[in-house]
Amino acid sequence: MKVNGLFKPKTLDEAYHKLTEHSKNVVMAGGAWLRLSNRTVEEAIDLSVLPLSYVKDRGDVVEIGSMTTLHEIETDDTIKSLYGGILSQAVSQIMGIGLRNVVTIGGNVVARHGFSDVITPLLTMRAKLHFYKRGTISLEAFLDIRGKTTDVLEKIIIPKRKAAGYFKKVTKTALDFAIINVSVTCDEEGFSVAVGSRPSVGQLAYEAMGLLNQAKDVDEKHIDLAAFKAADLLKFSDNHRGSQAYREELTAVYVKRGLLAVKTCFNQRGGHDD
Ligand SMILES: Cc1cc2nc3c(=O)[nH]c(=O)nc-3n(C[C@H](O)[C@H](O)[C@H](O)COP(=O)(O)OP(=O)(O)OC[C@H]3O[C@@H](n4cnc5c(N)ncnc54)[C@H](O)[C@@H]3O)c2cc1C
């Protein structure tokens, strides 16, 4: 990456206006991913000077500043207490501590990497994103937006709920990108299932979730069918890490394991009232 200038905004408003001034201006968070590209950047807008690195417990929600590093997330007790600690578990499997001390949750989410191990658990934790200009939108809605993000992500908002969670990253070697990653949660709204690195970005398995969330009682038959639906109806494809067929097989296995792991949460809620 070639950078012609560095801008250190004093406020989010300054950062946003600088971003909209020139099509080749970019927001820079940890910079670890940006620096791998061979693009020419007019001005890099360095967010490290703004107070965006925090985890705040607001009572009903937890807010994570976009500049919070993955290592801060991995070690934070509040994050560890959310949805069985799946976000902490997921980030702890990304490369080494050296990299995790640099890369940020905001950079991971905005980059929408297909292999993201952050987006998949966040989808099942019902995360919302708060952008400076656009305001608050669900992570799902953000993933549906096509094209470039000309906005500054301020924070990620996660509801605080009594919930259970499961996360699995399948890799060939410990430091590699995922062949697939799977996240399953259960909270007062029901089950959530997401699969990422398909190799495209994490997505909720709506049909599988619908089947489970409409059931009065969830037994092994429902779980088998839901795992099959997730593998059958989500879109997978081939790349050098794994074939479509292998990804489908892995998905069926790990969605089932995830559902079995969080199922007691559903039963403790007493199932649905109909
Ligand atoms: C060697 C290596 C291995 C990796 N392995 C994995 C892995 O296995 N799993 C995984 O999930 N991730 C992995 N990552 C990705 C990593 O977790 C981060 O997602 C990535 O580095 C981007 O974070 P960053 O802070 O470096 O962002 P940057 O590189 O600074 O920015 C990335 C993009 O996001 C934009 N951006 C950043 N912050 C904001 C903001 N607040 N508002 C608006 N736009 C913003 C930037 O303009 C840029 O387009 C890896 C990265 C590297 C370098």
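Only a predicted model underlies this, so the values are computations on that prediction, with no experimental measurement involved.

A. Here's a closer look at the domain arrangement of the chain. Split by domain assignment, the chain resolves into domain 1 (2-45), domain 2 (55-159) and domain 3 (164-269). Placing a centre on the C-alpha atoms of domain 2 and another on those of domain 3 gives a separation of 20 Å. Where domain 2 abuts domain 3, roughly 1900 Å² becomes buried across the two surfaces, and 57% of that area is made up of carbon and sulfur atoms. A per-residue breakdown of the area domain 2 buries against domain 3 is headed by Thr120, Thr124 and Arg126, which together make up 29% of the total. On the surface where domain 2 and domain 3 come into contact, there are three salt bridges. The closest approach of N and O atoms between Arg126 and Asp187, which form a salt bridge, is 2.7 Å.

B. Structural detail: the site of the ligand. Val27, Gly31, Thr104, His113 and Asp117 are the nearest of the 31 residues found near the ligand. Within the side chain of Thr104, one N or O atom sits 2.7 Å away from an oxygen atom of the ligand. Contact between the ligand and Asp117: a nitrogen atom at 2.8 Å from a side-chain N or O atom of the residue. Protein contact buries 91% of the 970 Å² of open area that the ligand shows by itself. Among the elements that make up the shell around the ligand, the one with the highest residue count is helix α6 (residues 105-111) (four residues). Of the residues that constitute the shell around the ligand, the class distribution is 18 nonpolar, nine polar and four charged.

Calculation criteria
- Residues numbered from 1 in each chain as written.
- Predicted model: local features only at pLDDT ≥ 70, side-chain atom pairs only at ≥ 80, totals over all residues.
- Heavy atoms only, no water.
- Domains from an automatic or database assignment.
- Buried area = accessible area lost by both parts, 1.4 Å probe.
- Salt bridge = Lys/Arg side-chain N within 4 Å of Asp/Glu carboxyl O.
- Near = heavy atom within 4 Å.
- Polar contact = N/O pair within 3.5 Å; in protein donor to acceptor, adjacent residues only side chain to side chain.
- Areas by Shrake-Rupley, 256 points an atom, 1.4 Å probe, with all protein chains shown as cover.
- Helix = DSSP H or I, 4+ residues; strand = E, 2+ residues; numbered from the N terminus.
- Nonpolar A, V, L, I, M, F, W, Y, C, P; charged D, E, K, R; others polar.

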